Amino acid sequence: MLLLIVVQVFSYRNFDSPNDVYYRQYAEVLSGAPDEEKDAWLQEEAEYFASIHEQIGELSEQYGDEPEILESLLLRLESKLEPENGFEEAREQYESLGEGEYFVYASGYGRLFRGQGIRDDCLNTGKLFLVLILALSGLFAVEYETGVQAHIVTAGKEERVARCKRHQSLLYALLAMGVAYLPQYIMVARNYTLPMLWIPAGSLSVFSGLPAGLPVWTVFVLVGVIRCLVGGLAVGVILFFSRICRKTTTTILLSSAVLLLPVAIGVAGM
């Protein structure tokens, strides 16, 4: 567990920040439910950028044979187009909203559930599995290796001891999952923000395939439940091998093949 804590501290020490200052500015204006005022404002902004492109076209025709003069004249106009990509991103998101949906600053959700976020999830799952394998592989095997298992059977406490170990393993896995996954969410919430968790998930393109009316916060709950199930399954696999193989080294090798190898292949394919 200490190893996982150290690894996560170093992994998220220099977490990236959003590079979308213009999109964020437009998102602040458009945040919330669509309305006529926002529609009109978007139209004004679109006309503003269109007029700049029109001016650039006119200057290019007028001074096409004088590149030095043209470059100096275009420099100021082109600087006014810097926010255009952010505007187009915000407008596309706004225009895609359906009935009952809301505009929300989406970069944080994209950072968690797309591209790098998915890769980080896979890496964190691999770290979790590694820690569980190292911590739990000897839980049953060491008793066979040291001869303690025979005394437990003689005392008639085999099932009681096994049940206690399973409960302790699940508790350990829950703590390890917190260490493995929470830093990513904390850093995204701090650097990007995750606003308006109560809105329908369909308001965000990253959740477009989810049932209508499902709030964003339920996505996080579902992800948490799935991770608990995966963590519990990993614990079950490790304890199964530990009890069947009765060798710590063999348990580590088999558990790694079943749990770590698929994660490694998945990360390598991203």
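Residues numbered from 1 in each chain as written. Predicted model: local features only at pLDDT ≥ 70, side-chain atom pairs only at ≥ 80, totals over all residues. Heavy atoms only, no water.

A. Structural context of the overall build of the chain. Check the secondary structure of the chain and you find 12 helices and zero strands. Reading the chain from its N terminus to its C terminus gives the helix and strand order α-α-α-α-α-α-α-α-α-α-α-α. Relative to the compact-globule value of 18 Å for 270 residues, the chain shows a C-alpha radius of gyration of 27 Å, a clear excess of over 25%. Considering only C-alpha atoms, the chain reaches an extent of 95 × 45 × 25 Å along its principal axes. Taken over 270 residues, the chain has a buried fraction of 39%. (Helix = DSSP H or I, 4+ residues; strand = E, 2+ residues; numbered from the N terminus. Rg over C-alpha atoms; globule rule 2.2 N^0.38 Å. Buried < 20%, exposed > 50% of the residue type's maximum accessible area, 1.4 Å probe, protein only.)

B. Seen up close, the packing of aromatic side chains. By the definition in use, this model includes 13 aromatic pairs. Among the aromatic residues, those joined into a cluster by ring pairs are Y26, W41, Y48, F49 and F87. For the cation-ring pair, R243 lies above F140, with the distance from its terminal atom to the ring centre recorded as 5.1 Å. (Phe/Tyr/Trp six-rings, centres within 6.5 Å; stacked < 30°, edge-to-face > 60°. Lys NZ or Arg CZ within 6 Å of the ring centre and 35° of its normal.)

C. Representation of the pattern of salt bridges. Counted under the stated rule, the structure contains three salt bridges. Notably, a salt bridge pairs R111 with D120, separated by 3.1 Å at the nearest N-O pair. Here the two residues R111 and D120 agree in accessibility, since each one is buried. Across the pair D121 and R227 runs a salt bridge whose closest N-O atoms are separated by 2.5 Å. Placement of the pair is D121 in helix α7 (residues 115–136) and R227 in helix α11 (residues 216–245), with a sequence separation of 106 residues. For D121, a relative accessible area of 17% gives the class buried. (Salt bridge = Lys/Arg side-chain N within 4 Å of Asp/Glu carboxyl O.)

D. Local environment of the state of the cysteines. Tallied over the entire structure, the rule returns zero disulfides. This cysteine, C122, is not joined by any disulfide, and C228 carries the nearest cysteine sulfur, 17 Å off. Judged by relative accessible area, which is 21%, C122 ranks as partly exposed. (Disulfide = S-S within 2.5 Å.)

E. Looking closely at the side chain of R111. Position of R111 relative to the elements: it lies in helix α6 (residues 107–113). Within the local environment of R111, its side chain forms a polar contact with the side chain of D120, the two groups lying 3.1 Å apart. Once residues within four sequence positions are removed from consideration, R111 is found in contact with F15, D16, Q116, G117, D120, Q184, V188 and Y192. (Polar contact = N/O pair within 3.5 Å; in protein donor to acceptor, adjacent residues only side chain to side chain. Contact = heavy atoms within 4.5 Å.)

F. Main features of a nonpolar patch on the surface. On the surface, L197, W198, W217, V221, V225 and L229 cluster together into a nonpolar patch covering about 620 Å² of accessible area. Looking at the secondary structure, you find L229 in helix α11. (Patch = residues over 30% accessible without salt bridge, like charges linked within 9 Å, V, L, I, M, F, W, Y side chains within 5 Å. Areas by Shrake-Rupley, 256 points an atom, 1.4 Å probe, with all protein chains shown as cover.)

G. Spotlight on the packing of α11 against helix α12 (residues 248–268). At a minimum axis distance of 9 Å, the contact between α11 and α12 shows a crossing angle of 145°. Considering the relative orientation of α11 and α12, their crossing is right-handed. In contact with A234, V237, I238, F241, S242 and C245 of α11, α12 contributes T250, T251, L254, S255, V258 and L259. Residues that form the contact of α11 with α12 fall into these classes: eight nonpolar, four polar and no charged. (Axes fitted to C-alpha atoms, helices over the stretch in contact; angles between N-to-C directions. Left-handed = near helix turned anticlockwise from the far one by under 90°. Nonpolar A, V, L, I, M, F, W, Y, C, P; charged D, E, K, R; others polar.)

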